[in-house]
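Okay, here's what each chain looks like letter by letter:
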Amino acid sequence: MKYILVTGGVISGIGKGIIASSVGTILKSCGLHVTAIKIDPYINIDAGTFSPYEHGEVFVLDDGGEVDLDLGNYERFLDIRLTKDNNLTTGKIYQSVINKERRGDYLGKTVQVVPHITDAIQEWVMRQAKVPVDDDDVEPQVCVIELGGTVGDIESMPFIEAFRQFQFKVKRENFCNIHVSMVPQPSATGEQKTKPTQNSVRELRGLGLSPDLVMCRCSTPLDNSVKEKISMFCHVEPEQVICVHDVSSIYRVPLLLEDQGVVGYFCRRLNLPIETRPRKMLAKWKEMSDRSDRLLEQCSIALVGKYTKFSDSYASVIKALEHSALAISHKLEVKYIDSADLEAGMLQEDPVKYHEAWQKLCSADGVLSLRRIQTQSVFALPGGFGVRGTEGKIQAISWARKQKKPFLGVCLGMQLAVCEFARNMLDWKDANSTEFDPETKYPVVIDMPEHNPGQMGGTMRLGKRRTIFKTKNSILRKLYGDVDYVEERHRHRFEVNPELKQHFEEKGFHFVGQDVEGERMEVIELLDHPYFVGVQYHPEFTSRPIKPSPPYLGLLLAAAGGLPAYLQKGCRLSPRETYSDRSGSSSPDSEIADFKLCSLAQE
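Residues numbered from 1 in each chain as written. Predicted model: local features only at pLDDT ≥ 70, side-chain atom pairs only at ≥ 80, totals over all residues. Heavy atoms only, no water.

Going by what an unreviewed UniProt entry lists, the protein chain is known as CTP synthase and is assigned to Cyprinus carpio. Per UniProt, the comment on the protein chain under Function (unreviewed entry) is "Catalyzes the ATP-dependent amination of UTP to CTP with either L-glutamine or ammonia as the source of nitrogen." Looking at the protein chain in UniProt, the text filed under Pathway (unreviewed entry) is "Pyrimidine metabolism; CTP biosynthesis via de novo pathway; CTP from UDP: step 2/2." (UniProt positions renumbered as here; feature names shortened; annotations may be inferred.)

Put into structure tokens, the structure is as follows:
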């Protein structure tokens with residue numbers, strides 16, 4: 001097993017996750033099996049109770065793990081399936097050590113950070129690195145480990161010490177360290193400054209780790225003189241200083257690393273068994289990046305949510321939209337609308353915000369419905385929790401339904417679509433979710449029996465669950481490849497009240513997908529509407545750059561006016577909208593000749 005540790009300095013959020021994912025991608029393109037581990041130094045057990053404004057979205061894995069959003073990057077870049085143990089936190093480590101102490105596993109010894117905590121970290125990494133993450137169940141050959149935060153943080157010290165010891169335990173030829181640093185370029189002088197990187201590497205070396213590669217984040221490519229200066233003061237060769245400058249798309253980062261000889265360095269440094277055959281996977285990434293840069297037609301998405309001030313709150317949603325937009329050769333424009341700004345109360349509180357929010361909806365409607373031009377519009381409603389902004393979401397749903405705008409509701413978005421239809425089409429004016437109004441006369445969305453209201457963390461319906469399609473005529477079923485069932489990831493505490501199902505279906509509001517027992521409503525579709533779909537699950541978590549999520553793909557196709565033709569062709573895109581057969585599969589042992597979206601059905 002080869003271990004590649006990615007550390008960061010100067011500032012947090014410098015791009016360690018994208019760089020770790022890109023390193024894994026170029027190694028996987030060489031025929032290696034790669035896994036990834038994210039270490040978060042916070043004391044929380046997992047990311048399940050985080051505010052989206054602090055850490056971005058909570059990413060959900062197949063096994064129900066609620067983890068850091070960087071694991072979403074790993075899965076999308078590497079096309080792998082991780083587990084909750086691939087996200088290691090201080091809380092998990094201390095919990096496991098304390099549990100061992102309570103059982104008497106330490107035989108009365110004094111339990112300390114060194115060696116007990118540091119040993120537990122090393123054991124966890126070595127154990128998890130061997131867990132297969134590809135569909136072929138082969139044990140990984142390379143493990144990329146990202147250490148969150150920045151070097152010098154108090155909370156990350158036990159992890160730094162653990163890896164200082166770890167490099168000797170697994171031997172030098174099996175371990176290397178990538179340090180990601182920042183090279184700022186003040187506008188006053190325009191000169192690239194190396195001092196922050198020098199200080200960061202000095203601190204890392206003082207803690208016992210010496211970087212093998214120094215990856216410099218910068219706005220423009222590094223000058224050779226700057227590279228040589230970093231090389232001199234950071235104790236590395238000039239070729240070990242890698243420039244990771246701003247690029248047009250994150251899909252270009254693996255290509256950027258490959259162009260600077262990163263694969264060759266790993267091959268020599270870690271003695272990797274890299275094949276000499278052409279790396280088809282990188283050819284696919286290059287084609288995808290080039291295509292992304294030359295798109296002309298535009299598709300605009302009005303994203304109505306609660307956490308719109310911080311784009312990372314909807315990271316996977318945005319990625320799923322980008323994947324789908326790229327598949328149909330359209331540029332994506334996301335219009336963020338805070339749902340609270342659409343509510344009547346905002347008219348009194350802040351009329352400007354209110355009118356601006358509604359103007360986004362109205363202007364988008366005019367662009368789509370009045371004339372046939374390149375810009376199209378559509379509405380997406382992602383998931384969320386809490387009362388704030390729910391009435392604004394319901395108003396947005398009502399508007400999309402009446403104006404026949406393509407609509408996709410995810411999780412809470414689907415539940416509120418049920419509430420909106422009950423109020424306006426069934427004339428149940430009091431219809432609501434018991435999450436927001438426990439005393440409602442018409443509880444169309446109810447608490448699930450297994451939900452524990454006394455504890456927040458890990459008490460939801462989480463992870464991969466099967467959804468059975470109940471009809472052959474479902475649009476979403478066709479988008480998935482006309483399969484009988486799909487398996488997608490869930491994260492919710494409330495569900496549509498199954499006892500009221502008949503009232504909705506009599507009015508053309510159909511529950512076309514249900515769980516295995518037929519008790520939980522999973523997918524809704526509205527008759528006589530171009531695309532009005534709601535899903536209880538989160539399809540964005542399994543979207544991939546060359547395998548976009550079918551619900552999001554349907555949304556973008558409907559927005560661009562291409563959904564009927566796409567369905568008529570048997571769920572195949574036109575030749576100009578496919579990747580060429582020069583591209584390789586993201587699996588090292590297989591190839592795909594064409595990008596055919598009808599093969600998106602989950603096995």
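A closer look at unusual backbone geometry
Backbone geometry follows two general trends: most residues other than glycine have a negative phi, and most peptide bonds adopt the trans configuration. Residue proline 115 follows valine 114 across a cis peptide bond; omega there is 15°. With respect to the secondary-structure elements, proline 115 resides in helix 5 (residues 113–128). Despite not being glycine, cysteine 411 shows a phi value in the positive range, around 60°. What makes cysteine 411 buried here is its relative accessible area of 5%. (Helix = DSSP H or I, 4+ residues; strand = E, 2+ residues; numbered from the N terminus. Buried < 20%, exposed > 50% of the residue type's maximum accessible area, 1.4 Å probe, protein only.)

What to know about the packing of helix 15 (residues 390–402) against helix 16 (residues 412–424)
Put simply, helix 15 and helix 16 touch, their axes get as near as 9 Å, and they point 70° apart. On the basis of their axis angle, the class for helix 15 and helix 16 is roughly perpendicular. Relative to helix 16, helix 15 is oriented so that their crossing is right-handed. Across the interface between the two elements, Thr390, Glu391, Lys393, Ile394, Ile397, Ser398 and Arg401 of helix 15 pack against Leu412, Gly413, Leu416, Ala417, Cys419, Glu420, Phe421, Arg423 and Asn424 of helix 16. Among the residues making up the contact of helix 15 with helix 16, the classes are represented as seven nonpolar, four polar and five charged. (Axes fitted to C-alpha atoms, helices over the stretch in contact; angles between N-to-C directions. Parallel < 35°, antiparallel > 145°, perpendicular 65-115°, else oblique. Left-handed = near helix turned anticlockwise from the far one by under 90°. Contact = heavy atoms within 4.5 Å. Nonpolar A, V, L, I, M, F, W, Y, C, P; charged D, E, K, R; others polar.)

Some points on the packing of aromatic side chains
Counted by the stated rule, this structure contains 17 aromatic pairs. On the basis of an interplanar angle of 70° and a centroid distance of 4.9 Å, the ring pair of phenylalanine 59 and phenylalanine 541 is categorised as edge-to-face. Of this pair, phenylalanine 59 sits in strand 3 (residues 59–60) while phenylalanine 541 sits in the loop between strand 21 (532–535) and helix 19 (550–559), and the two are 482 residues apart along the sequence. In this structure, phenylalanine 59 and phenylalanine 541 share a single accessibility class: buried. Measuring from ring centre to ring centre gives 5.8 Å for phenylalanine 163 and phenylalanine 166, while their planes differ by 85°; the resulting arrangement is edge-to-face. Placement of the pair is phenylalanine 163 and phenylalanine 166 together in helix 6 (residues 157–169), with a separation of three residues, close to one helical turn. (Phe/Tyr/Trp six-rings, centres within 6.5 Å; stacked < 30°, edge-to-face > 60°.)

What to know about the side chain of histidine 245
Looking at the element boundaries, histidine 245 is found in strand 9 (residues 241–245). Once you skip the residues sitting within four places of it in the chain, histidine 245 turns out to touch Arg217, Cys218, Ser219, Thr220, Pro221 and Leu256.

A word on helix 12 (residues 315–327)
The α-helix advances 3.6 residues per turn, and as a result positions three or four apart in sequence lie on the same side. For helix 12, which comprises 13 residues, the first-to-last C-alpha distance of 18 Å matches the rise-based estimate of 18 Å (1.5 Å per residue) to within 8%. Helix 12 sits mainly inside the fold: twelve of its 13 residues count as buried. If you check which residues of helix 12 are buried, you get Ala315, Ser316, Val317, Ile318, Lys319, Ala320, Leu321, His323, Ser324, Ala325, Leu326 and Ala327. In this fold, the buried residues of helix 12 make contact with strand 3, helix 3 (70–78), helix 11 (280–293), strand 10 (298–305), strand 11 (331–338) and helix 19. One or two positions beyond helix 12, positive phi appears at serine 329, with a value near 60°. (Expected span 1.5 Å × (residues − 1).)

Details of the sheet that holds strand 15 (residues 443–447)
Overall, mixed pairing links the three strands, which are arranged 14-15-18 in an open sheet. Only two strands of the sheet have a single neighbouring strand rather than two, namely strand 14 (432–433) and strand 18 (494–496). Direction of pairing for strand 15 relative to strand 18: antiparallel, over a ladder of three bridges. Bridge pairing in strand 18 places valine 445 opposite valine 496. (Pairing = 2+ DSSP bridges.)

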